[in-house]
Amino acid sequence: MEETINKLKIKVPVMADLAAHGKTPEYLFWVGSAGSYDDRAKKISRAFAKLLAHAGVDYAILGTEESDSGEAAKRAGAEFNFQMQAIANIEVFKMYGVKKIVTCDPHDYSILKNEYAQLGAELEVYHHSQFLDKLIAQGKLKISNQYLASKTITFHDPCYLGRGNGVFDEPRNVIRSTGAHMVELKRSKIRSFCCGAGGAQMFKEAEKGKTEVFAARTEDVLEVTPDILCTACPFCMLMLTDGIKYKEKQEQIKVLDIAELLADALQL
Amino acid sequence: MVAQILFSMVLLTAIALFVRNVRRIVNAISMGRPQSINDQPALRWRKMLLVAIGQGKMVKRPISGFLHIIVYVGFLLVNIEMIEIMIDGIFGTHRIFGILGTPYNWLISGFEMLAIFVIVACIIFLVRRNILKVKRFQAVELTTWPRIDANIILLTEIILMSALLIMNAADTIILLRNCGIGVDCYSFLVSSLLLPIFNNLDTNTLIIIERAGWWIHILGVLAFLNYIPYSKHFHIALAFPNVWFSKLQPNAAMPNMPEVTREVEIMMGSRPESDAIENQGVFGAKDIVDLSWKNIMDSFACTECGRCSAVCPANQTGKKLSPRKIMMDTRDRAEELSLFKRLHGADSHDGKSLLGNYITAEEVWACTTCNACVEECPVTINQVSIILALRRYMVMEQSAAPSTINAMLTNIENNGAPWKYAAADRANWTKELYMNEVK
Ligand code: SF4
Ligand code: SF4
């Protein structure tokens, strides 16, 4: 184990402050509403900010100038609401000369990349799994310890990342980079089974049925008895954390975002 | 001569009926809203080659995929023999392509092999549906008619193929008995195995059997041709254009509504008020006529295979939503409304609608937009596109979303977040953030 000597305070850069000094960072870290307000998801944002600081990435957040992406509104069929948000956000991007965006939320990743583009936004959008995979490949995030080597990790593909946008390898690369043993769920990659949060389900009661979607997915997870269940989406995180609690397995199985896993592995 | 005239009349009638049936489906599809789909033609042709002709998605379920390929290839090739049958029927010839000699023998033997494979595959399919009761064929939306439909098709295939083999066997013996007197003899791989059954019959009986086999085969095929447009089996025709016109963007990408962009831009002042369009129709879809023509085509291309519902998280956890049912409802409604319009005029309306009379709000709101159904569909149907159109209608025209969804929308409007948090607190997560400095 490496010796930690110091606690560093991280100051997350904000676009408006940089602009005041005439600076334009290379990346916008789009935090998204979940990552900004939800207590569990905020931990993902914090872990990712640590990784960005550790890797020395030139970035900033919009801070209070960020507004909801309109993703849940779009999926709910509230096209007006969505486009009002999108068009206003695109204006802010233009104002700060934003060209490249990275986000921890696959829903926002997808909507920024696909639907915002239809509204004329010219953006290079990365999900944090792609971004972290790249940083690891560039040697900017080096894991030299065996901290996670004895752990078994499984990965739940978020619908809007995997099947929705074809990103399958990058989150797996990130997990493997920790030296942990990776097992696949029975339903994985393009055939992954939803956690139940997408399509604005997060904001409503589920319809009547035999069971809940998150419970069904949690059963897939229990089958492979991992030490850690990894995901790469704040909504999957909430659903599966509930699922693991519901099955009373929270002592045995930790639910982590890939950013948290990596920050843990680096002991940041 | 009588037989020739009779045959020609039957053939013409069958073709005329078929054309009429197809026109009805085309009419039903064109009830939908216009949507132009013609970008990236090269990619579209490639996708069609891979998915529709190459059955690219069927193989994901190896057993049914493999059997389906046999029936598909068998059906296509055996129908090449239809060309000979038609020529023989019209001109009164007998096995006109027999002049090819040995290659003809090989060709027909090959067809016979396929016929046997098709029969076996159809039997397995029948067993899976009716005896093993494979789960995806037992869902509530598969009411009596869709189940009978599937069985009719499979039985018809078996009868057609058997007629072909029996006809060939009887013919072989007849020819054998006349061999040498200016008649070529052939014997085909599979039907020759049937010879012992027919050997003891006299030639006249055999001629009757051979003719019966011939007529059953050709009449069966023509009847089949006209049954197909009423059945889920129209997918054998529509699968091709349906794949060609399918979405090329990533699964998750949902088209924006340009009419909304226009209004939002006017509201925000980036577009002059004079750009506003009056009477642009409803937002989203309540009925068939509000859907795009492609949505309706999707419904006619649906094979009712249930692959979509078998992977649907809502359906698999016992919710009412079934993407297969969404497609079947859309088709049923399209047929119902187009029939009504044919009888009562193009502007008439029967007062019913897809949303409400067929698909309920409970189904529409259960979807997680996970796109598992879209990914799974062997003929690249987009079920989510219809679900989203219905949601749009409910939200934008009826304000009939679940109350918590309405609350979420209000929050987004008021404070730029789906929850009731102040915009000023958006960056609070950055406070007191420390990191270990690793040496
Ligand atoms: S997108 Fe909707 S209908 Fe399709 S599988 Fe997912 S939940 Fe079911
Ligand atoms: S929509 Fe596609 S997957 Fe679903 S039943 Fe129809 S053909 Fe099968």
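Remember, it's a predicted structure, so these values are computed and weren't measured experimentally.

## With respect to empty space enclosed by the protein
All names here are of chain A.
- This model, assessed by the stated rule, comprises 7 cavities of 30 Å³ or more.
- Taken together, 18 residues make up the lining of the largest cavity; nearest its centre are E71, A72, D105, F203 and F235.
- Of all elements in the fold, only α2 (32-37), α4 (71-76) and α6 (106-118) reach the threshold of two or more residues within the lining of the largest cavity.
- A breakdown of the residues in the lining of the largest cavity according to their chemical character gives 9 nonpolar, 5 polar and 4 charged.

## Looking at the packing of aromatic side chains
Residue and element names in this part refer to chain B.
- Counted under the stated rule, the structure contains 23 aromatic pairs over all chains.
- Ring centres 5.3 Å apart and planes at 50 degrees place the aromatic pair F7 and W214 in the tilted group. Here F7, found in helix α1 (residues 2-29), pairs with W214, found in helix α8 (residues 203-227); they are 207 residues apart in sequence, far enough to count as distant. The pair F7 / W214 is uniform in exposure class, with both members buried.

## Focus: the site of ligand 2
Residue and element names in this part refer to chain B.
- Of all residues adjacent to ligand 2, which total 14 residues, the nearest are C302, C305, G306, C308 and C377.
- Counting only elements with at least two residues in the shell around ligand 2, the list comes to α12 (307-311) and α14 (323-344).
- Class assignment for the residues of the shell around ligand 2 results in 8 nonpolar, 3 polar and 3 charged.

## Describing the site of ligand 1
Residues and elements named next belong to chain B.
- Neighbouring ligand 1 are 13 residues, the closest being C312, C367, C370, N371 and C373.
- Mapped onto the shell around ligand 1, the elements with two or more residues apiece are α17 (372-376) and α18 (383-397).
- A per-class count over the shell around ligand 1 returns 10 nonpolar, 3 polar and no charged.

## Brief notes about the interface of chain A and chain B
- Each side of the interface is counted separately: chain A has 83 residues, and chain B has 69 residues.
- Counting the surface lost from both chain A and chain B, the interface buries some 6,800 Å², and carbon and sulfur atoms represent 62% of this.
- By the criterion of area lost to chain B, the three top residues of chain A are Y37, F80 and F203 of chain A, representing 12% of everything that side buries.
- Where chain A packs against chain B, one counts 4 salt bridges.
- We note a salt bridge from E376 of chain B to R191 of chain A, for which the minimum N-O separation is 2.2 Å.
- When contributions to the side of chain A that touches chain B are tallied by element, the ones reaching two or more residues are β1 (4-9), α2, α3 (39-55), α4, α5 (79-96), α6, α8 (162-165) and α10 (213-223) of chain A.
- Looking at the side of chain A that touches chain B, the element that brings in the most residues is α5 of chain A, giving 9 residues.

## Focus: the domain arrangement of chain A
All names here are of chain A.
- Domain annotation of chain A identifies domain 1 (2-133) and domain 2 (144-265).
- Of note, the centres of domain 1 and domain 2, computed from C-alpha atoms alone, are 22 Å apart.
- If you look at the interface, domain 1 gives 28 residues, while domain 2 gives 29 residues.
- Across the interface of domain 1 and domain 2, roughly 2,300 Å² is buried in total on both sides, 70% from carbon and sulfur atoms.

Cut-off values and rules
Residues numbered from 1 in each chain as written. Chains lettered and ligands numbered in written order. Predicted model: local features only at pLDDT ≥ 70, side-chain atom pairs only at ≥ 80, totals over all residues. Heavy atoms only, no water. 1 Å grid on protein atoms, 1.4 Å probe; cavity = no way out; pocket = protein on both sides within 12 Å on 5 of 7 lines; lining within 4 Å. Points joined across faces, edges and corners; volume = space filled by probe spheres on them. Helix = DSSP H or I, 4+ residues; strand = E, 2+ residues; numbered from the N terminus. Nonpolar A, V, L, I, M, F, W, Y, C, P; charged D, E, K, R; others polar. Phe/Tyr/Trp six-rings, centres within 6.5 Å; stacked < 30°, edge-to-face > 60°. Buried < 20%, exposed > 50% of the residue type's maximum accessible area, 1.4 Å probe, protein only. Near = heavy atom within 4 Å. Contact = heavy atoms within 4.5 Å. Buried area = accessible area lost by both parts, 1.4 Å probe. Salt bridge = Lys/Arg side-chain N within 4 Å of Asp/Glu carboxyl O. Domains from an automatic or database assignment.

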